[in-house]
Amino acid sequence: MTWVVNNWEQIVELTLVHLRLSALPIVLGFVLAIPLGWVAHRYRLTRGLVLTVVGLLYTIPSLALFVILPPLLGLPFLSVGNVLIALTIYAVALMARSTADALDSVDPDVRQAATAMGYSSWRRFWTVDFPLAGPVLLAGLRVVAVSTISLLTVGVVVGVDSLGYFFTNGYQRGILASVITGVVATVIIALVIDRLLAMLGAALMPWTRKSAGPRRRDPRESEQQIEKGATAFARGVQQASA
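Residues numbered from 1 in each chain as written. Predicted model: local features only at pLDDT ≥ 70, side-chain atom pairs only at ≥ 80, totals over all residues. Heavy atoms only, no water.

Chemist: Let's hear about the packing of helix H3 (residues 44-59) against helix H5 (residues 80-104): which residues, and what values?
Modeler: Geometry of a packed helix pair, given as the angle between the helix axes and the separation of the axes. The interhelical angle for the contact between H3 and H5, taken along N-to-C directions, is 145°, at an axis separation of 8 Å. In the packing of H3 onto H5, the handedness of the crossing is left-handed. Where H3 approaches H5, its residues Arg44, Arg47, Leu51, Val54, Leu57 and Tyr58 are matched on the opposing element by Ile89, Tyr90, Ala93, Leu94, Ala96, Arg97, Ala100, Asp101 and Asp104. (Axes fitted to C-alpha atoms, helices over the stretch in contact; angles between N-to-C directions. Helix = DSSP H or I, 4+ residues; strand = E, 2+ residues; numbered from the N terminus. Left-handed = near helix turned anticlockwise from the far one by under 90°. Contact = heavy atoms within 4.5 Å.)

Here you go:
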């Protein structure tokens, strides 16, 4: 506890740095994964190829990726860009499959009803497919956020200061409190971001609030909710067009 009090300013500073560096890969990973997931969902012939490639990207060890990227992209090995690009690749690898699964979960009857009402493919995606796929997309984004926050600690080996600094510094100097502080701070950040994303999802998708609770739901429950919502939407469309 004495060590924490004496180094409180550094803990706060590195926590803020950790949050700032985590945000960009999470956002970029989500944005870049949407078209990849859509391609995997829309074109069955390329689904296996796309998902296999992004899945293989996630299996590359982080340290190996830090070594591979600089010569390929012309980046310095000891650079923030090296770490951010690597984390974005991991985020895309995770989120692309979640996007494909989310779009697959939308009831085909809803798509047909929207098309029958004159919706273009572009409009139908943003006003029908994307909102109904929202709960599954959110679940994938929460996994990406927690994974990115955790992996960022490895960036300390290439000179990027974050909460991972407490791991290496504490180990080298034999200060157990430093290591524990780094672990606890990382876990707290992950939990806070996960909860904020859940609250944001509830605000943007009010139709999911009724079933939201403090417990972590089984993914199958989300799929059942989507099916119920899709069926209700299809009935409403049919009644309106009758």
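Chemist: Could you give an account of the side chain of threonine 181, with specific residues and numbers?
Modeler: Looking at the element boundaries, threonine 181 is found in helix H10 (residues 176-204). The class of threonine 181 is buried, set by a relative accessible area of 11%. When residues no more than four places from it in sequence are discounted, the contact partners of threonine 181 are Trp3, Val4 and Ile11. (Buried < 20%, exposed > 50% of the residue type's maximum accessible area, 1.4 Å probe, protein only.)

Chemist: Account for helix H4 (residues 62-73), naming residues and giving values.
Modeler: It helps to recall that an α-helix has 3.6 residues per turn; residues three or four apart then point in one direction. The terminal C-alpha atoms of H4 lie 16 Å apart, and with twelve residues this matches the ideal 16 Å at 1.5 Å per residue to within 8%. Within H4, burial applies to Ser62, Leu65, Phe66, Leu69 and Pro70. Buried residues along H4 cover an arc of 130° about the axis, so they all sit on one side. Opposite the buried face of H4, by more than 90 degrees, sit the exposed residues Val67, Pro71 and Leu72. Where H4 is buried, its residues meet H5. Of the residues flanking the end of H4, it is glycine 74, one or two places downstream, whose phi is positive at about 75°. (Expected span 1.5 Å × (residues − 1). Arc of directions from axis to C-beta.)

Chemist: An account of the nonpolar core is requested, with residue identities and associated values reported.
Modeler: Counting 29 residues, the largest nonpolar core has Met95, Ala133 and Leu137 as its most contacted members. Of all the elements in the fold, those that place two or more residues in this core are helix H2 (8-42), H3, H5, helix H6 (108-116), helix H7 (121-132) and helix H8 (134-151). For this core, the element with the most residues is H5, which contributes seven residues. If we ignore the near neighbours within four places in the chain, the residues touching leucine 137 are Ile34, Met95, Ser98, Thr99, Ala102 and Phe130. Counting residues in each nonpolar core, the second largest holds 13 residues, with Val17, Phe66, Leu69 and Ala86 among its members. (Core = buried A, V, L, I, M, F, W, Y, C linked by side-chain atoms within 4.5 Å.)

Chemist: I'd like to hear about the confidence of the model for the chain, residue by residue, with values.
Modeler: Note that predicted coordinates carrying low pLDDT should not be read in detail. Per-residue pLDDT for the chain has a mean of 82; in total, 85% of the residues score no lower than 70. Ranking the elements of the chain by mean pLDDT puts helix H11 (residues 219-241) last, at 48, and H8 first, at 93. Here residues 236-242 is a poorly scored stretch, pLDDT under 50, and it has two contacts once near neighbours within four places are set aside; other chains count. (pLDDT = per-residue confidence, 0-100.)

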